[in-house]
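Chain by chain, the residues:
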Amino acid sequence: MHRATIPATLLSLIAAPAAVAQVSVTGIRDLAFGFLTLGISSTVLPSDPVKSAQWRITAPVGQRIQIRLTVPNQLLGPSGATLPVSINNGDAFVQGTWTGSVPNSFNPGSNVNFNFTGGTQAIIRLGGQITPAANQRPGTYTNTAVCTITVF
Amino acid sequence: MSRTLTLMLLAAPLPAVAQGVLVAPHAVFIDHRTRSGWVQLYNPGSEATEVSIEALFGYPITDSIGHLELRTIEKPDSTMPSAVGWIQAFPRRTVIAPQARQTIRLLVTPPAGIADGEYWARLAITAKGSAVPVSGADTSQGITVGLNLEVRTIIPMVYRKGSVTTGLKVSSLRTSMEADSLVIRARLARQGSAAYLGTVRGALVDATGVSRGTFESPISVYYDIDPRFAIGTTGLASGRYLLRFSVTSERSDIAVEQTLKAATVRDSIEVRIR
């Protein structure tokens, strides 16, 4: 029987201490376009408090990070069918949750820097537009949106 | 009855489903003597999260307006201090249960005979939850749309062998007005054999010596950068000020024993607020 071996140095590692600086990014809410009507666009603004997508970021006070959203331009459906999604400049913003922080709009296709100047939490919101064709094929259409946080 | 119920369910607001992972620490330092480290992950959500770890090579640079960004190099050449190929993560993929923790052990196996110095990599931790429906449905045509949310956290990993030094040289300190802010730029040139991890501070001092505005920001200088900082000028009286600029080799978010000591560097420039 073959047994995987564990490097000896791994066994000597000490337990991780509990209190260390940490970062997190969490997807809180999906982008909800509501009812779709064939042939008619549905738009969600990033400022929409219910329908916009939302991520939450936490980092130590003073931390500077880079945010990048990788968003699709179409959803993939049955038998190769696609459904266009339009997410453009101004469809995203990042804002600290502390008093005095203002929304910083950015192009989801490019990087944005964010400083945790007054607190440890910030939110990213994302809107967009979806346009089902009049003859859109029935079925389920999906794709992936990625929020990347880089700590310098 | 059942069709009506189905349509109502499709149209109902979806519950919030947190998907992501908390990463600690947000910078990993590994010494040549131990050649090992760890990252702890925590799933704060209500669903299991699939997590994967990979290493890549990259370092911060600044763009033309002074914003930091990560330059990644897929295949770093031999002149680059890359530790990417030496890192193994245990486990490399895992599923973390809701509100559970997972420690990722890191083992570094450098080639024999590497020179003293500092070697870099980035750890990319990707977390993906289950597919989430993001939209309602076209109730007459049976169209549903959904988006899988992924989150990715990229943190630095530094591997040090032997004696390493760092330092910083500041030049081209300059300012400009943008809307209600004084924008400060400075060229930061790294000295020594290791990345400079420190804190930049600035203070806008009036003619009486009183500070009227400040900024403070952590900085990581792997190669030369030209970052921007800002001080709000709302409510400032017109006149001449002195901008005091300093960089110290300390970081409030990184343990003292992990930062390399270097002399504090200072510069200043006269500023006119109109």
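Nothing here was measured: the structure is a model prediction, and the numbers come from that model.

A. View of the overall build of chain A. Summing up its helical and strand segments, chain A has one helix and 12 strands in all. For chain A, the succession of helices and strands along the chain, N to C, is α-β-β-β-β-β-β-β-β-β-β-β-β. The buried share of chain A, reckoned over its 152 residues, is 47%. Counting contacts in chain A only where the partners sit at least 6 residues apart, residues at least 24 apart contribute 72% of the total.

B. A look at the overall build of chain B. Within chain B, the regular secondary structure consists of one helix and 18 strands. Within the span of chain B, comprising 274 residues, buried residues form 52% of the whole. Counting only contacts in chain B whose residues sit at least 6 apart along the sequence, the fraction spanning at least 24 positions is 70%. With an accessible surface of roughly 12800 Å², chain B has 50% of that area assigned to carbon and sulfur atoms.

C. Broad picture of the pairing of strand β11 (residues 143–161) of chain B. Within β11 of chain B, 16 of the 19 residues are buried, which leaves the element mostly enclosed by the surrounding structure. Sheet analysis places strand β12 (residues 139–151) of chain A next to β11 of chain B, joined by 12 bridges and oriented parallel. If you follow Val-146 of chain A over to β11 of chain B, its bridge partner there is Glu-150 of chain B. As paired strands, strand β2 (residues 28–31) of chain B and β11 of chain B are joined by four bridges and run parallel to one another. Following the sheet pairing, Phe-29 of chain B is matched in β11 of chain B by Val-158 of chain B.

D. The arrangement of the interface of chain A and chain B in detail. Counting residues at the interface gives 56 residues for chain A, matched by 62 residues for chain B. Roughly 4900 Å² is buried in total at the junction of chain A and chain B, and carbon and sulfur atoms are behind 59% of that figure. Of all residues in chain A, Asp-30, Arg-64 and Phe-152 of chain A give up the largest surface area on contact with chain B, accounting jointly for 14% of the area buried on that side. Applying the counting criterion to the chain A and chain B interface returns zero salt bridges. Put simply, the parts of the chain that give the side of chain A that touches chain B at least two residues each are α1 (8–11), β1 (23–29), β4 (64–70), β9 (112–115) and β12 of chain A. In terms of residues, the side of chain A that touches chain B owes the most to one element, β12 of chain A, which gives 13 residues. Residue composition of the side of chain A that touches chain B, grouped by class: 31 nonpolar, 21 polar and four charged.

E. Expanded view of the sheet that holds strand β7 (residues 92–96) of chain A. Strands sit in the order β8(A)-β7(A)-β10(A)-β3(A)-β1(A)-β1(B)-β3(B)-β8(B)-β6(B) across an open sheet of nine strands; the sheet is antiparallel. This sheet does not close on itself; its edge strands, each paired only once, are β8 (104–106) of chain A together with β6 (87–90) of chain B. Strand-to-strand twist of the sheet, defined as the mean angle between neighbouring strand axes without regard to direction, takes the value 20°. Sheet topology note: the β6 of chain B/strand β8 (residues 101–108) of chain B ladder contains four bridges and is antiparallel. Residue pairing across strands places Gln-88 of chain B opposite Leu-107 of chain B, the latter belonging to β8 of chain B.

F. The arrangement of the sheet that holds strand β15 (residues 211–221) of chain B in detail. Residues and elements named next belong to chain B. As summarised here, the arrangement of the four strands in space is β15-β14-β17-β18, forming an open sheet in which the pairing is antiparallel. Bordering the open sheet on either side are β15 and β18 (265–273), each of which pairs with just one other strand. Within the sheet, the average angular offset between the axes of one strand and its neighbour, ignoring direction, is 15°.

G. Main features of the packing of aromatic side chains. Residue and element names in this part refer to chain B. Tallied over the entire structure, the rule returns 12 aromatic pairs over all chains. Residues Tyr-59 and Tyr-223 carry aromatic rings whose centres are separated by 4.6 Å and whose planes lie at 75° to one another, so their mutual orientation is edge-to-face. Residue Tyr-59 is located in strand β4 (residues 49–62), and its partner Tyr-223 is located in the loop between β15 and β16 (228–232); the two are separated by 164 residues in the primary sequence. By relative accessible area, which is 7% here, Tyr-59 ends up buried. Ring geometry for Trp-120 and Tyr-223: centres 5.5 Å apart, planes at 75°, overall edge-to-face.

H. Structural detail: the domain arrangement of chain B. All names here are of chain B. In terms of domain boundaries, chain B breaks down into domain 1 (2–161) and domain 2 (166–273). At the interface, 20 residues of domain 1 touch 17 residues of domain 2. Taken over both partners, the interface formed by domain 1 and domain 2 buries close to 1500 Å², and the fraction arising from carbon and sulfur atoms is 59%. One can count zero salt bridges joining domain 1 with domain 2. Our enumeration of links across domain 1 and domain 2 arrives at seven residue pairs in polar contact (both at pLDDT 80 or more). At the level of secondary structure, the elements contributing two or more residues to the side of domain 1 that touches domain 2 comprise β4, β9 (117–128) and β11. Considering each element in turn, the side of domain 1 that touches domain 2 owes the most residues, four residues, to β4. Classifying every residue of the side of domain 1 that touches domain 2 gives 11 nonpolar, five polar and four charged.

I. Representation of the environment of Gly-100 of chain A within the structure. Here Gly-100 of chain A is to be found in the loop between β7 and β8. When its relative accessible area of 69% is taken as the criterion, Gly-100 of chain A is described as exposed.

J. Broad picture of the side chain of Arg-228 of chain B. Structurally, Arg-228 of chain B can be placed in strand β16. Among residues more than four places away in sequence, those in contact with Arg-228 of chain B are Arg-64 of chain A together with Ile-65, Gly-66, His-67, Glu-178, Val-183, Ile-184 and Arg-185 of chain B.

K. Examining the confidence of the model for chain A more closely. Residue and element names in this part refer to chain A. Put simply, chain A has an average pLDDT of 84, and 87% of its residues get 70 or more. Within chain A, the lowest mean pLDDT, 40, falls on α1, and the highest, 96, falls on β7. Ignoring residues within four places in sequence, the model shows residues 1–19, a span with pLDDT below 50, making 16 contacts including any to other chains.

Criteria and cut-off values
- Residues numbered from 1 in each chain as written.
- Chains lettered and ligands numbered in written order.
- Predicted model: local features only at pLDDT ≥ 70, side-chain atom pairs only at ≥ 80, totals over all residues.
- Heavy atoms only, no water.
- Helix = DSSP H or I, 4+ residues; strand = E, 2+ residues; numbered from the N terminus.
- Buried < 20%, exposed > 50% of the residue type's maximum accessible area, 1.4 Å probe, protein only.
- Contact = heavy atoms within 4.5 Å.
- Areas by Shrake-Rupley, 256 points an atom, 1.4 Å probe, with all protein chains shown as cover.
- Pairing = 2+ DSSP bridges.
- Buried area = accessible area lost by both parts, 1.4 Å probe.
- Salt bridge = Lys/Arg side-chain N within 4 Å of Asp/Glu carboxyl O.
- Nonpolar A, V, L, I, M, F, W, Y, C, P; charged D, E, K, R; others polar.
- Axes fitted to C-alpha atoms, helices over the stretch in contact; angles between N-to-C directions.
- Phe/Tyr/Trp six-rings, centres within 6.5 Å; stacked < 30°, edge-to-face > 60°.
- Domains from an automatic or database assignment.
- Polar contact = N/O pair within 3.5 Å; in protein donor to acceptor, adjacent residues only side chain to side chain.
- pLDDT = per-residue confidence, 0-100.

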